[in-house]
Amino acid sequence: MLADTVSSSPLTHPSADAASHHDMANAIRALSMDAVEQANSGHPGMPMGMADVATVLWGEVLKHNPEHTEWPDRDRFVLSAGHGSMLLYSLMYLTGYSDITLDQIKQFRQLGARTAGHPEYGHAAGIETTTGPLGQGIANAVGMALAERMMASRFGDSIVDHYTYAIAGDGCLMEGISHEAASFAGHLKLSKLIVLFDDNNISIDGPTSLSVSDDQLARFTSYGWDVMAIDGHDPVAILEAIYHARTTDKPSLIACKTTIGKGAPTKAGKSSSHGSPLGSEEIDGARAALGWSHAPFEIPKDILSSWRATTDSGKDEYTAWCSRYDALDGDTKALFERMNSGDLGTDWQAAAATLKKQLSDDPKKDATRKSSGNALEVLVKAIPNMIGGSADLTGSNNTNTSYSKPITAEDFSGDYIYYGVREHAMGAIMNGMALHGGFIPYSGTFLVFSDYARPAIRLSALMEQRVIYVMTHDSIGLGEDGPTHQPVEHLASLRAIPNLLVFRPADGVETLECWQLALMHDSTPSLLALSRQGLPQARLEYTDDNLCARGGYLLHDAPDAKATLIATGSEVMLAAEAAEALAAKGINVRVVSMPCTELFDQQPEAYRKEVLGSAPRIAIEAASGYGWERYIGENGHFIGMAGFGASAPADKLYEHFGITAQAIIDYVEGL
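Residues numbered from 1 in each chain as written. Predicted model: local features only at pLDDT ≥ 70, side-chain atom pairs only at ≥ 80, totals over all residues. Heavy atoms only, no water.

Peer 1: Help me out: how do you make sense of the overall build of the protein in this one?
Peer 2: From N to C terminus, the protein includes 28 helices and 18 strands. Taken against the 2.2 N^0.38 rule, which gives 26 Å for 671 residues, the C-alpha radius of gyration of the protein at 28 Å falls within 12% of a compact globule. Once local pairs closer than 6 in sequence are excluded, the contacts in the protein between residues at least 24 apart make up 78%. As presented, the protein carries roughly 24,800 Å² of accessible surface, and 49% of it is formed by carbon and sulfur atoms. (Helix = DSSP H or I, 4+ residues; strand = E, 2+ residues; numbered from the N terminus. Rg over C-alpha atoms; globule rule 2.2 N^0.38 Å. Contact = heavy atoms within 4.5 Å. Areas by Shrake-Rupley, 256 points an atom, 1.4 Å probe, with all protein chains shown as cover.)

Peer 1: Can you walk me through the packing of aromatic side chains in this structure?
Peer 2: Enumeration according to the criterion identifies 20 aromatic pairs in this entry. Among the aromatic residues, ring-to-ring pairing joins W71, F155, Y318, W321, Y325 and F336 into one connected group. The side chain of K192 reaches across the aromatic face of Y163, ending 5.0 Å from its centre. (Phe/Tyr/Trp six-rings, centres within 6.5 Å; stacked < 30°, edge-to-face > 60°. Lys NZ or Arg CZ within 6 Å of the ring centre and 35° of its normal.)

Peer 1: Mind showing me how you'd approach the sheet that holds strand β9 (residues 416-418) here?
Peer 2: To summarise the sheet geometry, strands pair through backbone hydrogen bonds and adopt either a parallel or an antiparallel arrangement. Ordered by their spatial adjacency, six strands build an open sheet running β9-β8-β10-β11-β13-β12, and the pairing between neighbours is parallel. Of all the strands in the sheet, the pair left with one neighbour each is β9 and β12 (501-503). Ignoring which end each strand starts from, the neighbouring axes of this sheet average 20° apart. Looking at chain direction, β12 and strand β13 (residues 526-530) are connected through three bridges and run parallel. Directly across from F503, in β13, lies its bridge partner L528. Most of the contacts of helix α19 (residues 423-436) go to strand β10 (residues 440-446), to which it runs at about 170°, and overall it touches β8 (386-390), β9, β10 and β11 (468-472). (Pairing = 2+ DSSP bridges. Axes fitted to C-alpha atoms, helices over the stretch in contact; angles between N-to-C directions.)

Peer 1: Is there a simple way to explain the side chain of Q104 in this structure?
Peer 2: When you line up the elements, Q104 lands in helix α6 (residues 102-106). Exposure remark for Q104: the relative accessible area of 19% places this residue in the buried category. If we ignore the near neighbours within four places in the chain, the residues touching Q104 are D99, A113, R114 and T115. (Buried < 20%, exposed > 50% of the residue type's maximum accessible area, 1.4 Å probe, protein only.)

Peer 1: I tried to follow the sheet that holds strand β18 (residues 637-641) on my own but got confused; where do I start?
Peer 2: Strands sit in the order β14-β16-β15-β17-β18 across an open sheet of five strands; the sheet is mixed. Pairing within the sheet leaves two strands with one partner each, and these edge strands are β14 (553-556) and β18. Mean inter-strand twist for the sheet, computed between neighbouring axes without regard to direction, equals 30°. Two elements, β14 and strand β16 (residues 589-593), share three bridges in a ladder whose sense is antiparallel.

Peer 1: It is not clear to me how empty space enclosed by the protein should be interpreted in this structure. Could you clarify?
Peer 2: Vacant regions in the atomic arrangement are exposed by a probe of water-molecule size rolled over the atoms. Counted by the stated rule, this structure contains two cavities of 30 Å³ or more. The calculated volume of the largest cavity comes to roughly 50 Å³. Looking at the largest cavity, the residues that line it are P72, D73, R76, M151, I159, V160, H162, F336, N340, H436 and G437. Its residues assigned to classes, the lining of the largest cavity shows five nonpolar, four polar and two charged. The calculated volume of the second largest cavity comes to roughly 40 Å³. Every residue along the wall of the second largest cavity is listed here: F77, V78, L79, L88, P119, G126, I127, E128, T129 and T131. Ranked by residue count, the leading element in the lining of the second largest cavity is strand β1 (residues 76-79), at three residues. Of the residues that constitute the lining of the second largest cavity, the class distribution is six nonpolar, three polar and one charged. (1 Å grid on protein atoms, 1.4 Å probe; cavity = no way out; pocket = protein on both sides within 12 Å on 5 of 7 lines; lining within 4 Å. Points joined across faces, edges and corners; volume = space filled by probe spheres on them. Nonpolar A, V, L, I, M, F, W, Y, C, P; charged D, E, K, R; others polar.)

Peer 1: What should I look at first to understand the pattern of salt bridges in this one?
Peer 2: Side-chain pairing between opposite charges can occur once the charged atoms of the two side chains come close. Per the stated rule, a full pass over the model turns up 25 salt bridges. Here K192 and E148 are joined by a salt bridge, their closest N and O atoms 3.5 Å apart. Here the residue K192 occupies a position in the loop between α9 (176-187) and β3 (193-199), and E148 occupies one in helix α7 (residues 136-155), the gap between them amounting to 44 residues. Of the two residues examined, K192 and E148, each falls in the buried class. One salt bridge connects D601 with R630, and the closest N-O pair in it is separated by 3.2 Å. Of this pair, D601 sits in helix α24 (residues 597-601) while R630 sits in helix α26 (residues 629-632), and the two are 29 residues apart along the sequence. (Salt bridge = Lys/Arg side-chain N within 4 Å of Asp/Glu carboxyl O.)

Peer 1: Explain the layout of surface pockets here, please?
Peer 2: For the largest pocket, the calculated volume is near 800 Å³. In terms of lining, the largest pocket is formed by 41 residues, of which the most central are E70, Y121, A434, L435 and Q465. Here the lining of the largest pocket is built from residues that sort into 17 nonpolar, 15 polar and nine charged.

Peer 1: Which parts of the structure should I look at to understand the packing of α7 against α9?
Peer 2: Relative orientation and spacing of two packed helices are given, respectively, by the angle between their axes and the distance between those axes. In the contact formed by α7 and α9, the axes pass within 8 Å of each other and the chain directions differ by 20°. Between α7 and α9, the crossing angle belongs to the class labelled roughly parallel. The two elements α7 and α9 meet at a crossing, and its hand is left-handed. Across from Q136, I138, A139, V142 and L146 in α7, the residues of α9 making contact are I177, S178, A181, F184 and A185. (Parallel < 35°, antiparallel > 145°, perpendicular 65-115°, else oblique. Left-handed = near helix turned anticlockwise from the far one by under 90°.)

Peer 1: Whenever I open this one, the environment of T484 confuses me. Can you help?
Peer 2: By secondary structure assignment, the location of T484 is in the loop between β11 and α21 (490-495). A distance of 2.9 Å separates the side chain of T484 from the side chain of H485, its partner in a polar contact. (Polar contact = N/O pair within 3.5 Å; in protein donor to acceptor, adjacent residues only side chain to side chain.)

Peer 1: Would you take a moment to explain the pairing of strand β2 (residues 164-169) for this structure?
Peer 2: A regular strand places its side chains so that they alternate between the two faces of the sheet. Counting buried positions along β2 gives six out of six residues, so the element sits mostly inside the fold. Examined bridge by bridge, β1 and β2 share four bridges and lie parallel to one another. Among the inter-strand pairings, R76 is bridged to a residue of β2, identified as T164. With six bridges connecting them, β2 and β3 associate as parallel partners. If you follow A166 over to β3, its bridge partner there is V195.

Peer 1: Looking at this structure, I do not really get the confidence of the model for the protein. What am I missing?
Peer 2: Predicted coordinates in areas of low pLDDT are best not read in detail. Mean pLDDT over the protein stands at 96; residues scoring 70 or higher make up 97%. Throughout residues 1-17 the model reports pLDDT below 50, and contacts reaching past four residues in sequence, or to other chains, amount to 23 contacts. (pLDDT = per-residue confidence, 0-100.)

Peer 1: Explain a negative patch on the surface here, please?
Peer 2: There is a patch of like negative charges on the surface, built from E480, D481, D651 and E655. Within the fold, D481 resides in the loop between β11 and α21. Judged by relative accessible area, which is 49%, D481 ranks as partly exposed. (Patch = residues over 30% accessible without salt bridge, like charges linked within 9 Å, V, L, I, M, F, W, Y side chains within 5 Å. Lys, Arg positive; Asp, Glu negative; His and termini not counted. Charge placed at Lys NZ, Arg CZ, Asp CG, Glu CD.)

Right, here's the structure in full:
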């Protein structure tokens, strides 16, 4: 069967009027070296080396339709080695994606162009994810392949049946995230994931032998992957390997032995072709060596026509899929559309309001991590899109529910993922799931370990993906585990990431409201920083309004206030306690709860001034004070951490570091 498939291939055995595989691959090489040369910046070597692999994959295998780029059942293609972006842009132009024109390729790496230095999600339809930080793309691809299996388990293979292909280089496999993601994929037997490894033995510094001697095939075999090694310039071998990979019950790694910069007369096979323009003389030599006599950016009509014809089968498959989709019953179709679009439905807000009323009627002194778990009990049941998980801290993060069902290699119909101790991959896999569509992923770890996940969190923000990070044990309040586990600088550094909402709620009501906001912001990732220790409920009166939606609000107002106390999370109770004690002494202060500085910054200036007031301001947060000067001003005062924590019970630590109601009282009295 496989032999029949290969022998009938139009590219490996072209008809008289079709361009040859050689010519079609050289079109990629020519566009890549010309665009990099014109930009005087970029990476020509990888596209030239992987042109044969890409020609076979996109020309004969990939199921896609450039006229319907959002088709849910299209194959996904991830260029994990994002520095070779001209490979992707060339393929998109050649196959007819309207956003990538020849003019866009000529504007490679220029301001305002869709053809950025590394592929940027959202710049052009057909770019599935932002890549560039090496290894991220592999983990994104794992998330996409996982989402495909999860959607298929819900809607059947007639509606969801596609592959995820990724091209990765030596650098991707050196990055630690590749280990986390590949191990996870092997454990879940994600058989519709196929990674094509550009095995060219070259890195920026020179031969990879300078720094690595791994046996990648043995490594991936140990993860439970199917592995193959082929000549990456032999189109028949490439096609046979891909079709073999599609028959296995495991994820597949195909090591494609290639020559970086193939065709360049003096730079092929060398690091000099990796990250710099080849130069006009070298390009002239490459044209001669490749038999490409055409002018820069010129693609002959027969070659372009042959490339455009490769999408015919995908267009036919799209039409057939639409017929199957139209035949679905109304309820199934509505659910598919709801999940694929990320729609939250209509029931969840009423369910959240009921819980909020219960909290007002029966106040709790719970850790906000527990309050988060209580919120999830309600939300996950009402929103089938939500998929939870944890990096081996489920019981601490409270990210599962009483009815959660784990996802396993045998059953993808569940709603909870055990990621193991793989924080970095967890974040990137969630990005892949969100990009794929169908799910709103959320997962947990300790806030201090956000450092492990930071590159993925940053990409969530850059790509505007609704990914929710549940980060518990948010301060010295976690106690005896000590400074290695006590976050200090983390809130400030996370707040510095553009387009990331960092929530630090003070009680169960605020925690529920923050969850509502995280779900409602569909183009912004969110991070919930939650306490380990129990906190008294600050909000006792029910209101339909989501007060946290404005980022900060007056929890307690007072006339002729001597100061305004601004606090977040567990320190709101200290501010409230201090305010009560000061009032007993005849000293009025205002108390502001600031669960999300990012949302507060978005409010009108008049509102911000009203909330902060004109009296001296004191900020209280058991973390670094970096950034609080924006709210307290030059004459304000900060009560918090000036260094790392220590190992002791939480109450002793707060007293030791001077983060107490008495410290607030003493300062206000001294004004």
